[in-house]
Amino acid sequence: QVHLVESGGGLVQTGGSLRLSCAASGGTFSTYAMGWFRQAPGKEREFVSTISTAGAYQYYGDLVKGRFTISRDNAKNTVFLQMNSLKPDDTAIYYCAAKTGVTSRRPSEYNNWGQGTQVTVSS
């Protein structure tokens, strides 16, 4: 079981940027596809992005495509989410997650979750 810890959230103005990090320990990081999800109060958990084991394949939810970039550094056991051109609708708790094998946009397919980090975009 891999342990995941997110960091980098905070308060930012509309149009600003944040870079989230998710540090993994335990397991074998290079065998995990990684994902980012977000959840606002009263809303269902939403797919943000996912990246394949070696970083060759990256996919994004429609609401963040063109603004967010996912990446990973397997030597550092870390996955990142660069968020640019932030909007108030991006306000949510952002979670990273891990699963064995290929990428997925379905939260139910991820077995390992971080504690989340709050992102608040003011207007």
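Everything here concerns the structure above.
Residues numbered from 1 in each chain as written. Predicted model: local features only at pLDDT ≥ 70, side-chain atom pairs only at ≥ 80, totals over all residues. Heavy atoms only, no water.

**Q** Honestly, the overall build of the protein chain in this entry has me stumped. Any pointers?
**A** Looking only at helices and strands, the protein chain has zero helices and eleven strands in total. Order of helices (α) and strands (β) in the protein chain, N terminus to C terminus: β-β-β-β-β-β-β-β-β-β-β. Against the compact-globule benchmark of 14 Å for 123 residues, the protein chain has a radius of gyration of 13 Å, which places it among compact chains. Each of the three principal axes of the protein chain carries a C-alpha extent, and together these read 40 × 30 × 25 Å. A burial count over the protein chain gives 44% of its 123 residues as buried. For the protein chain, contacts bridging at least 24 residues in sequence account for 59% of all contacts bridging at least 6. Within the structure as shown, the protein chain displays about 6200 Å² of accessible surface, and the carbon and sulfur contribution to it stands at 48%. Counting 12 positive and 8 negative side-chain charges, the protein chain places the centres of these two groups 3 Å from one another. (Helix = DSSP H or I, 4+ residues; strand = E, 2+ residues; numbered from the N terminus. Rg over C-alpha atoms; globule rule 2.2 N^0.38 Å. Buried < 20%, exposed > 50% of the residue type's maximum accessible area, 1.4 Å probe, protein only. Contact = heavy atoms within 4.5 Å. Areas by Shrake-Rupley, 256 points an atom, 1.4 Å probe, with all protein chains shown as cover. Lys, Arg positive; Asp, Glu negative; His and termini not counted. Charge placed at Lys NZ, Arg CZ, Asp CG, Glu CD.)

**Q** When you look at the pattern of salt bridges in this model, what are you seeing that I'm missing?
**A** If the charged atoms of two oppositely charged side chains come close together, the side chains can form a pair. This structure, assessed with the given rule, holds five salt bridges. Between Arg 106 and Glu 109 there is a salt bridge; the shortest N-O distance is 3.2 Å. Through salt bridges with shared partners, a single network forms among Arg 38, Glu 46, Arg 67 and Asp 90. (Salt bridge = Lys/Arg side-chain N within 4 Å of Asp/Glu carboxyl O.)

**Q** I keep staring at the nonpolar core and nothing clicks. Help me out?
**A** Soluble globular proteins tend to bury their nonpolar side chains together. With 27 residues, the main nonpolar core has Met 34, Trp 36, Leu 81, Met 83 and Tyr 94 as its most contacted residues. Elements with a contribution of two residues or more to this core: β3 (18-25), β4 (32-39), β5 (46-51), β7 (68-73), β8 (78-83), β9 (92-100) and β11 (117-122). Apart from residues lying up to four places away in sequence, Met 83 is in contact with Gly 16, Ser 17, Leu 18, Leu 20, Arg 67, Phe 68, Tyr 94 and Val 119. (Core = buried A, V, L, I, M, F, W, Y, C linked by side-chain atoms within 4.5 Å.)

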